[in-house]
Each structure stands twice: as structure tokens, then as C-alpha cells.
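# Architecture and fold: a report
The residues making up each chain are set out below.
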Amino acid sequence: VRRIWPEVADVPDVAAAVAAEARPAPPGRPWLAVNMVASVDGATAVGGASGPLGGDGDKAVFSALRAVADVVLAGAGTVRAEAYGPPRTPAARRAERRARGQAEVPRIAVVTRSLELDLGAPLFTEAELAPIVLTCAASDPRRRAATAEVAEVALAGDDAVEPARALAALGDLGATVVLAEGGPHLNGELVAAGLVDEWCTTVAPLLAAGASDRAAVGREPAVPQQMRLDRLFEHDGELLARYLRR
Ligand SMILES: NC(=O)c1ccc[n+]([C@@H]2O[C@H](COP(=O)([O-])OP(=O)(O)OC[C@H]3O[C@@H](n4cnc5c(N)ncnc54)[C@H](OP(=O)(O)O)[C@@H]3O)[C@@H](O)[C@H]2O)c1
């Protein structure tokens, strides 16, 4: 992996480079980073999943970002489409996390109104830290009770999960860095709520066409949020950009 902006340099250790980036929690809530991979022509899924889009550079940044996150946040659509499992955190990352005062592994948080989650899946049965399920008061109380057997359930809204309340709830559970991994509908709500501090995007050197959503969809914010390029890595034709709120 090479850094190509702001200066050209080899990046021998992507995890260390990403961990060295500042992610200060704003007042009253955790820092919110989003990480997505998309093809050159904007596809965010191939055959319904993002796996075919990511090369080695993307995998390195994906893991490096997970390594600094207290919570990995995902929409239920992504959890269902990608068969999300518990995070696999190698020993070196665990030690670094301990040294920073973090839990050894990030906790997964899922946003859902329907609570249509496979509670027998490894995400729940093999998790080192029980996942957090962020839902709203309008969700089915029986499903909520069943979910609470295997996860920590938090209410963060009435008819729907309100992103600001969800983020505050994660802060109350001790998170200072939250990493959202999509999908496009959840991202759209985070963008519309003006909560995104950092947007990481991998441009994969592929043309994929298809009908997948672009990286964020839904309600338009009153004005597009201004971002500035913080760094750009390159690996084997993949571009790995980090944008910060201007
Ligand atoms: N390229 C990438 O980096 C990347 C990353 C992630 C995902 N993806 C792809 O994106 C696709 C899935 O994305 P998606 O946009 O369809 O789904 P998504 O954003 O992951 O999840 C949407 C679901 O999240 C829940 N949700 C979102 N906002 C909510 C709110 N305010 N209140 C309550 N629930 C809320 C709802 O779950 P319920 O239906 O359970 O109520 C909703 O149906 C898949 O194809 C996946 O492979 C790509």
C-alpha cells in the first residue's frame, strides 16, 4: 500500500497508519466513521454482496478501521445480505486495543425496525461481546423480548430508529468511535442527520453495472455536507480515500 496524498510514501503497516489517525469524539456523542467499497461505476454490491468488490487494499483498511472502532454499526439489510458474523480480531490488534483501553474486540450494533434477524446465527451465538440491537418503540414487543435473550436491545426512536439517538445510546454504552459499514439506506439516514464525521471509501478498479444502490441513498440533507480529503492510499489500482467533515 502506498500513500499518494497528501505526500507519496510507502505504508508498510496499514493498521498502524489508520490507528494513528485522529478520531476525537464530538461533544455528547461518539465519532462516526463510515466505510464503504464501490466499483469505479458506483456499484456497492455484486450479486447482492460487497465481497467481490474488495481487494487486498480494501481488506486491509476494512480490518484497520474495525481495529480502532468500539462499535461496528450496520443496517439489518446488510446483516441479512452479508451473513454478518462476529468480528475476528487478531492477537496483535487485541493487544493494541487493550493498550488503548478498549475492549479486545469491537461490538456489533444492528439497526432494525422489523427485528427480522437470525438469532441462531454466529453473530449472536459466537459473539465475544453480545451484539447491540438498536430498534424503535414500534417494533414487535415479542420479537424484542426474544432478541433480548441474545443481544442488548436499545430503543432509539418511536416509529423508526433516530440516528442521533442511536449514536447517543452507543455513547452511553461507552463507545467513543463508531464505524458504520452500511448499507446504503442506513448511510443515507446518517448523512441526512448530519452525523458523519469521516467517510472512507474504496474505489475498486472494476466496472460492475447492475442495480445496487450507491453508497448512501434516501432523504436529501438541506445542503450537501462539505468534506475534505484527508488521505489517499493506493494498492494494485484500488484507491482508499479518507474524507473528513470540513
Ligand atoms: N459496498 C459496501 O461497502 C457495502 C456495505 C454494506 C452493505 N452493502 C450492500 O448493501 C446492500 C444492503 O444495503 P441496504 O441499504 O439494502 O440495507 P441497510 O442500510 O444495511 O439496512 C436497511 C435496514 O436497516 C434497518 N434500518 C435502517 N434505518 C433504520 C431506521 N431509521 N429505523 C429502523 N430501522 C432502520 C431496516 O431494517 P429492518 O428491515 O429489519 O427493519 C432497513 O430495512 C447489500 O446488497 C449489501 O451487500 C455494501
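The coordinates are above.
Below is a summary of the structure that appears in this document. (Residues numbered from 1 in each chain as written. Predicted model: local features only at pLDDT ≥ 70, side-chain atom pairs only at ≥ 80, totals over all residues. Heavy atoms only, no water.)

## Thoughts on the overall build of the protein chain
Short version of the rule: Helix and strand definitions follow DSSP, with helices as H or I runs of at least four residues and strands as E runs of at least two, each counted in order from the N terminus. Every radius of gyration here is taken over C-alpha atoms, with the globule rule written as 2.2 Å times N^0.38, N being the number of residues. To sort residues, take the accessible area from a 1.4 Å probe on protein chains only and compare it with the maximum for the residue type: under 20% means buried, over 50% means exposed, and anything in between is partly exposed. Contact between two residues is taken to exist if any of their heavy atoms lie within 4.5 Å; hydrogens are not considered. Under the convention used here, a 1.4 Å probe and the Shrake-Rupley method define accessible areas, while residue burial counts only the protein chains that appear. Counting rule for charge: Lys and Arg are taken as positive, Asp and Glu as negative, and neither His nor the chain ends is counted. For this purpose, a charge sits on NZ of Lys, CZ of Arg, CG of Asp or CD of Glu.
Summing up its helical and strand segments, the protein chain has 8 helices and 11 strands in all. In terms of overall dimensions, the protein chain is globule-like: its C-alpha atoms have a radius of gyration of 17 Å, near the 18 Å expected for 246 residues. Over its C-alpha atoms, taken along the principal directions, the protein chain stretches across nearly 55 × 40 × 35 Å. When the 246 residues of the protein chain are sorted by exposure, 47% land in the buried category. Residue pairs in contact within the protein chain that sit at least 24 positions apart in sequence constitute 68% of those at least 6 positions apart. Roughly 11600 Å² of accessible area belongs to the protein chain as shown, and the carbon and sulfur atoms make up 54% of that amount. Taken together, the 26 basic and 32 acidic charged side chains of the protein chain have centroids lying 3 Å from each other.

## Re the nonpolar core
Put simply, the test is: Only buried residues count toward a nonpolar core. Its members are Ala, Val, Leu, Ile, Met, Phe, Trp, Tyr and Cys residues joined through side-chain atoms within 4.5 Å.
Val14, Val79, Val110, Leu117, Leu123 and Phe233 are the most contacted members of the largest nonpolar core, which has 30 residues in total. In terms of residues, this core owes the most to one element, helix H1 (residues 14-19), which gives 4 residues. Judged by nonpolar contacts, the second largest core, of 27 residues, contains Leu32, Ala109, Ala156 and Ala180.

## What to know about the site of the ligand
To be explicit about the condition: For this purpose, a residue is taken to be near a molecule or strand whenever a single non-hydrogen atom of the residue falls within 4 Å of it. Polar contact criterion, stated in full: a pair of N or O atoms within 3.5 Å, where within protein one must be able to donate a hydrogen and the other to accept it, and residues adjacent in sequence count only if both atoms are side-chain atoms. Note on residue categories: nonpolar means Ala, Val, Leu, Ile, Met, Phe, Trp, Tyr, Cys or Pro, charged means Asp, Glu, Lys or Arg, and polar means any other residue, Gly included.
Looking at the ligand, there are 27 residues lining it, with Val37, Thr78, Glu82, Thr112 and Ser114 nearest. Interatomic distance of 2.4 Å between a side-chain N/O atom of glutamate 82 and an oxygen atom of the ligand. One of the side-chain nitrogen or oxygen atoms of glutamate 189 is found 2.8 Å away from a nitrogen atom of the ligand. Within the complex, 84% of the 930 Å² of free accessible area of the ligand lies under protein. Mapped onto the shell around the ligand, the elements with two or more residues apiece are strand E3 (31-39), helix H3 (76-81) and helix H8 (184-192). Residue contributions to the shell around the ligand peak at 5 residues, all from H3. Residues that form the shell around the ligand fall into these classes: 11 nonpolar, 11 polar and 5 charged.

## Topic: the layout of surface pockets
Inclusion rule: With a 1 Å grid laid over protein atoms only, a set of points is called a cavity when a 1.4 Å probe fits there but cannot get out and a pocket when it is open yet has protein on both sides within 12 Å along at least five of seven lines; lining residues have an atom within 4 Å of a point. Grid points are joined across faces, edges and corners, and a volume is the space filled by probe spheres set on the points.
Computed from the structure, the largest pocket encloses a volume of approximately 1000 Å³. If you trace the largest pocket, you find 40 residues lining it, with Thr78, Glu181, Gly182, Gly183 and Pro184 closest to the centre. Within the residue set of the lining of the largest pocket, elements represented by two or more residues are E3, helix H2 (56-68), strand E4 (71-75), H3, helix H7 (163-172) and H8. Looking at the lining of the largest pocket, the element that brings in the most residues is H8, giving 5 residues. Looking at the lining of the largest pocket residue by residue, the class counts come to 18 nonpolar, 14 polar and 8 charged. Space inside the second largest pocket adds up to approximately 450 Å³. In terms of lining, the second largest pocket is formed by 18 residues, of which the most central are Val191, Arg214, Ala216, Pro221 and Gln225.

## Description of unusual backbone geometry
Of note, the amide linkage connecting tryptophan 5 to proline 6 takes the cis form, showing an omega dihedral of 5 degrees. Residue position: proline 6 is located in the loop between strand E1 (2-5) and strand E2 (9-10). For the peptide bond that leads from glycine 182 to glycine 183, omega is 0 degrees, which places it in the cis range. Structurally, glycine 183 can be placed in the loop between strand E8 (177-180) and H8. Even without being a glycine, leucine 115 presents a positive backbone phi close to 60 degrees. Along the polypeptide, leucine 115 turns up in the loop between strand E5 (107-111) and helix H5 (122-125).

## Topic: the packing of aromatic side chains
Just so we agree on the cut-off: Pairing of aromatic rings covers Phe, Tyr and Trp, the last through its six-membered ring, and needs centres within 6.5 Å; plane angles under 30 degrees mean stacked, over 60 mean edge-to-face, and all others mean tilted. Geometrically, a charge over a ring is one whose NZ (Lys) or CZ (Arg) sits within 6 Å of the ring centre while staying within 35 degrees of the ring normal.
According to the stated counting rule, one finds 0 aromatic pairs in the structure shown. Between the NZ or CZ atom of arginine 231 and the centre of the ring of phenylalanine 233, over which it lies, the distance is 4.3 Å.

## Remarks on empty space enclosed by the protein
Scanning the model with the defined rule gives 1 cavity of 30 Å³ or more in all. For the largest cavity, the calculated volume is near 60 Å³. Surrounding the largest cavity, Pro86, Pro87, Val105, Pro106, Ile108, Leu123, Ala127, Glu128, Leu129 and Pro131 form its lining.

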